[in-house]
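Per-entry structural report
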Amino acid sequence: MNKILILLLVLLISFSCKNEINTDVDVSNIDVNVEIDRFEQQFYTTTTATLPKIKSEYPYLFPVYNSDSIWLQKIKDVDEIKLFNETQQVFGDFKKETLEIEDLFKHIKYYNTSFKAPKVITLVTNLDYESKVIYADSLLFVALDMYLGKENPIYIDFPAYISKNFEKQQLVVDIATEISKRNFNITRKRQFLDVIIDEGKRMFLIESYLPKHSKASLLGYTLKEYEWAVNNESEIWKYFIENKLLYSSDADLRTRFVDKAPFSKFFIDIDKETPGSIGVWLGWQIVTSYMNNNNVTLQQLLQTNADEIFNKSKYKPKK
């Protein structure tokens with residue numbers, strides 16, 4: 001009798017549990033070649049005599065319309081030298097980051113066997129926020145001066161919601177984010193549901209590439225922001241449903257709920273308590289629910305349209 005009860009209990013648990021997707025796959029046998037080129041170390045130790053050599057080695061970093069005097073002036077610029085010195089103090093030999101990048105590249109290749117690891121070129125961009133990471137197929141540029149720590153006074157002119165991610169642990173997340181943009185096609189549909197599910201696909205892809213990273217860090221959220229989203233999931237969903245936003249084509253919805261911002265714009269009293277880009281987080285929940293409830297691969301997910309994902313997701317917000 002006891003054996004029958006135990007068997008029934010096991011079956012009940014099995015049927016009541018979702019088929020949780022395991023994104024932490026074994027990549028130990030995947031071979032990738034990670035090449036790190038510390039361009040900034042060469043550039044800021046260049047002299048008038050050695051400048052022609054470095055220009056010939058990195059022609060893509062030296063526009064032909066700039067004279068040598070401009071580059072020599074940059075090399076001697078006090079502020080840029082300070083930035084360079086800080087990057088060397090923060091990143092040192094770059095070994096930890098190299099291992100993280102290697103693990104990332106292995107995961108990408110696991111899901112996309114045709115992936116070829118780009119050569120990683122580190123540099124100092126004089127705080128060019130828009131160019132933190134640039135992925136150009138065979139080359140990947142990383143601006144080390146954008147990862148010196150959010151409390152660094154050099155970032156005082158940046159809004160807090162942007163500078164909060166100027167931490168060196170976010171470097172590999174930003175690399176994964178840029179590479180992920182190349183691995184699926186964004187829909188041209190303008191409905192809000194299509195937009196957030198596209199974002200959800202991208203986040204699920206990034207999570208698959210970086211399974212050991214916290215979900216908060218993948219979103220660029222603080223732990224407090226992520227917990228707010230989790231704790232208010234049912235209210236977020238209720239708001240979108242009651243205001244009939246899912247099938248709306250209002251372009252302002254992207255600005256309010258998807259784009260980077262200090263907070264999301266529900267136009268209610270607690271707006272400033274909310275994290276920005278809450279629509280990205282919600283889309284990720286829907287896509288995760290779809291993957292948990294359907295036997296599909298990551299590549300199949302990326303080819304599936306938003307309506308099918310939503311209809312088959314069985315998504316229900318946690319109360």
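Summarised in this report is the structure supplied together with it. (Residues numbered from 1 in each chain as written. Predicted model: local features only at pLDDT ≥ 70, side-chain atom pairs only at ≥ 80, totals over all residues. Heavy atoms only, no water.)

This part covers the overall build of the protein. The secondary structure content of the protein amounts to 16 helices and four strands. Buried residues in the protein amount to 49% of all 319 residues. Sequence separation of at least 24 residues holds for 62% of the intrachain contacts in the protein that already meet a minimum separation of 6. With the model as given, the accessible surface of the protein reaches about 17600 Å², and the carbon-plus-sulfur share is 53%. Averaging the coordinates of the 40 positive side-chain charges in the protein and doing the same for the 44 negative ones gives two points 5 Å apart. (Helix = DSSP H or I, 4+ residues; strand = E, 2+ residues; numbered from the N terminus. Buried < 20%, exposed > 50% of the residue type's maximum accessible area, 1.4 Å probe, protein only. Contact = heavy atoms within 4.5 Å. Areas by Shrake-Rupley, 256 points an atom, 1.4 Å probe, with all protein chains shown as cover. Lys, Arg positive; Asp, Glu negative; His and termini not counted. Charge placed at Lys NZ, Arg CZ, Asp CG, Glu CD.)

Residues F105, I175, F240 and I278 are the most contacted members of the largest nonpolar core, which totals 95 residues. Element by element, the count of residues in this core is highest for helix α9 (residues 192-209), at 10 residues. The contact partners of I175, leaving out residues within four places of it in the chain, are I101, L104, F105, V133, L140 and V142. (Core = buried A, V, L, I, M, F, W, Y, C linked by side-chain atoms within 4.5 Å.)

What follows concerns the pattern of salt bridges. Under the definition given, this model contains 15 salt bridges. The salt bridge involving K119 is made with E35; its shortest N-O contact spans 4.0 Å. Of this pair, K119 sits in strand β2 (residues 119-123) while E35 sits in the loop between α1 (2-16) and β1 (36-38); the two residues are 84 residues apart in sequence, bridging distant segments of the chain. In this structure, K215 engages E207 in a salt bridge whose closest nitrogen and oxygen atoms are separated by 2.5 Å. For E207, a relative accessible area of 11% puts it in the buried group. Overlapping salt bridges bring together E35, D37 and K119 as one network. (Salt bridge = Lys/Arg side-chain N within 4 Å of Asp/Glu carboxyl O.)

A few words now on the pairing of strand β4 (residues 139-143). Of all five residues in β4, five are buried, a share of seventy percent or more. Residues L139, F141 and A143 line one face of β4 and the alternating positions L140 and V142 line the opposite face, and both faces are buried. Two strands pair when backbone bridges link them, and β2 and β4 are joined in this way by five bridges, in the parallel orientation. Bridge assignment links V120 to a residue of β4, and that residue is L140. (Pairing = 2+ DSSP bridges.)

Here we take up helix α14 (residues 278-293). Compared with an ideal rise of 1.5 Å per residue, which puts 16 residues at 22 Å, α14 spans 23 Å between its outermost C-alpha atoms and is within 8% of the ideal. In terms of burial, α14 is largely enclosed, as 15 of its 16 residues are buried. (Expected span 1.5 Å × (residues − 1).)

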